[in-house]
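# Tertiary structure, described
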Amino acid sequence: MTVIGRDRPGIVAGITRVLAALGANIEDSTMTRLRGTFAMTLVVEVDAEADQLEASLADAAASLGVKASVSPAVEDAGAAPGAHHVLTLHGADRTGIVAEVTALLAQVGGNITEMTTRLTGELYVLVCEVDLPPQRDSAIVATEVAQLGDRLGVSATLRPAEADVL
Amino acid sequence: MAPEVVALAEALLDTMRAHAGCVGLAANQVGADARLFVLDVGGHAKTRSYSGVVVLANPVLVEATRWEKGREGCLSVPDLTGDVKRARRVIVRGVIPGSGELRVVEADGYEAVALQHELDHVDGRLFLDRVAGAHALHQRQTYL
Ligand SMILES: [Zn+2]
């Protein structure tokens, strides 16, 4: 389900109170404030159809001034194996940065698992988590990312982000 | 020191070596109630300092400097990793089971991070307790 609307205190509490009362279990979720908008995406396990759940949330959503939509979740087949990397980019804002960077990643078979962009004044910042196919030479991709950055007039870096398992 | 602590340390070393890629293990990870861990970062690609096999009871962090954020996972938390701030240079003190001698370990880089991870285990803490923020928790990739 997604919940989105003008940010204010009490959105998470108001929505999750309804979910708890329905016996719905919040599994994975991510929530963030984007400018003045608060956005939540949640995977919820509940003994109800998507439209029933959406109807149950309607009153709470209306009083909070947010829009809540529910649809059936896809079966998680698990991510394809890949080497975890982080791409960071910063520089002068212009149209098309995200499109160009993600086109390059898609072309090398990269799978984006998380991405954040922020525009502050003229400065554009992009941070993206991407899994590269195991057979892909990440040094070559890193060079291509840096070259694309040069072409776009921004600084772009791709580096491995494998966790130390201890 | 009690002989059962020596036996426990040996069991921890065996378990650690039986898991590919495992460089450290604390007693409470195998359900044993003792302030004890083993560590051996030899052969790991990221190893800088190498203190050999480290087996310490009642370990204490004496000094920690050069803090940096890095990504960490744990055998006890199979599916998640997190961004955690750790010192890249540490001094750790503890007692060697058996002889009862005091040992002081000075470590850099990966070994320093691994020592702090094990010290946390000894205190009943996981890297999850130190994650840098709400968006610093990640799904762990199975690829090694
Ligand atoms: Zn651990």
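Keep in mind the model is a prediction, meaning the values are calculated, not measured.

Parameters at a glance
- Residues numbered from 1 in each chain as written.
- Chains lettered and ligands numbered in written order.
- Predicted model: local features only at pLDDT ≥ 70, side-chain atom pairs only at ≥ 80, totals over all residues.
- Heavy atoms only, no water.
- Donors = N, O, S within 2.8 Å, 3.2 Å for Na, K, Ca; no water.
- Helix = DSSP H or I, 4+ residues; strand = E, 2+ residues; numbered from the N terminus.
- Buried < 20%, exposed > 50% of the residue type's maximum accessible area, 1.4 Å probe, protein only.
- Domains from an automatic or database assignment.
- Contact = heavy atoms within 4.5 Å.
- Pairing = 2+ DSSP bridges.
- Salt bridge = Lys/Arg side-chain N within 4 Å of Asp/Glu carboxyl O.
- Axes fitted to C-alpha atoms, helices over the stretch in contact; angles between N-to-C directions.
- Parallel < 35°, antiparallel > 145°, perpendicular 65-115°, else oblique.
- Left-handed = near helix turned anticlockwise from the far one by under 90°.

## Comments concerning the coordination of the zinc ion
Any two of four tetrahedral donors ideally make an angle of 109.5 degrees at the metal, while pairs among six octahedral donors ideally make 90 or 180 degrees. Residues and elements named next belong to chain B. The zinc ion binds to the protein through Cys-74 (SG), His-117 (NE2) and His-121 (NE2); the donor distances cover 2.1 to 2.2 Å. Counting along the primary sequence, the residues that act as donors to the zinc ion give the motif C-x42-H-x3-H. One end of the pair, Cys-74, is in strand S3 (residues 54–74); the other, His-117, is in helix H2 (residues 109–122), and 43 residues separate them in sequence. For the residue pair Cys-74 and His-117, the accessibility class agrees, reading buried in each case.

## Quick word on the domain arrangement of chain A
Domain annotation for chain A reports domain 1 (2–69) and domain 2 (83–160). Between domain 1 of chain A and domain 2 of chain A, the C-alpha centre-to-centre distance is 31 Å.

## Points about the side chain of Gln116(B)
With respect to the helices and strands, the residue Gln116(B) is situated in helix H2. In contact with Gln116(B), other than residues within four places in its own chain, are Trp67(B), Arg86(B), Ala87(B) and Val90(B).

## A look at the pairing of strand S7 (residues 123–132) of chain A
All names here are of chain A. Of all the 10 residues making up S7, seven are buried; the element is thus mostly covered by neighbouring parts of the structure. Where strand S5 (residues 83–92) lies against S7, 10 bridges are found, and the strand directions are antiparallel. The residue bridging His-84 from the neighbouring strand is Asp-131, located in S7. Here nine bridges tie strand S6 (residues 111–120) to S7, and the two strands are oriented antiparallel to one another. Each bridged residue has a counterpart across the sheet, and for Thr-117 the counterpart in S7 is Leu-126.

## Points about the pattern of salt bridges
Residue and element names in this part refer to chain B. Evaluation of the coordinates by the stated rule reveals 12 salt bridges over all chains. Asp-120 is the partner of Arg-86 in a salt bridge, and the nearest nitrogen-oxygen pair spans 2.9 Å. Of this pair, Arg-86 sits in strand S4 (residues 77–95) while Asp-120 is found in helix H2, placing the two residues 34 residues apart along the sequence. Taking the relative accessible area as the measure of exposure, Arg-86 reaches 2% and is therefore buried. Here Asp-120 falls in the buried class, since its relative accessible area comes to 4%. For the salt bridge of Asp-120 with Arg-130, the shortest nitrogen-to-oxygen distance reads 2.6 Å. One end of the pair, Asp-120, is in helix H2; the other, Arg-130, is in the loop between H2 and strand S6 (137–139), with 10 residues separating them in the sequence. When its relative accessible area of 35% is taken as the criterion, Arg-130 is described as partly exposed. Connected via shared salt-bridge partners are Glu-72, Arg-86, Asp-120, Arg-125 and Arg-130.

## With respect to the packing of helix H3 (residues 97–107) of chain A against helix H4 (residues 138–152) of chain A
All names here are of chain A. For the pair H3 and H4, interaxial distance at closest approach is 11 Å and the crossing angle is 160 degrees. The angle between H3 and H4 places the two elements in the roughly antiparallel class. In this structure, H3 crosses over H4, and the sense of that crossing is right-handed. Contacts between H3 and H4 involve Glu-100, Val-101 and Leu-104 from the former and Glu-144, Val-145, Leu-148 and Leu-152 from the latter.

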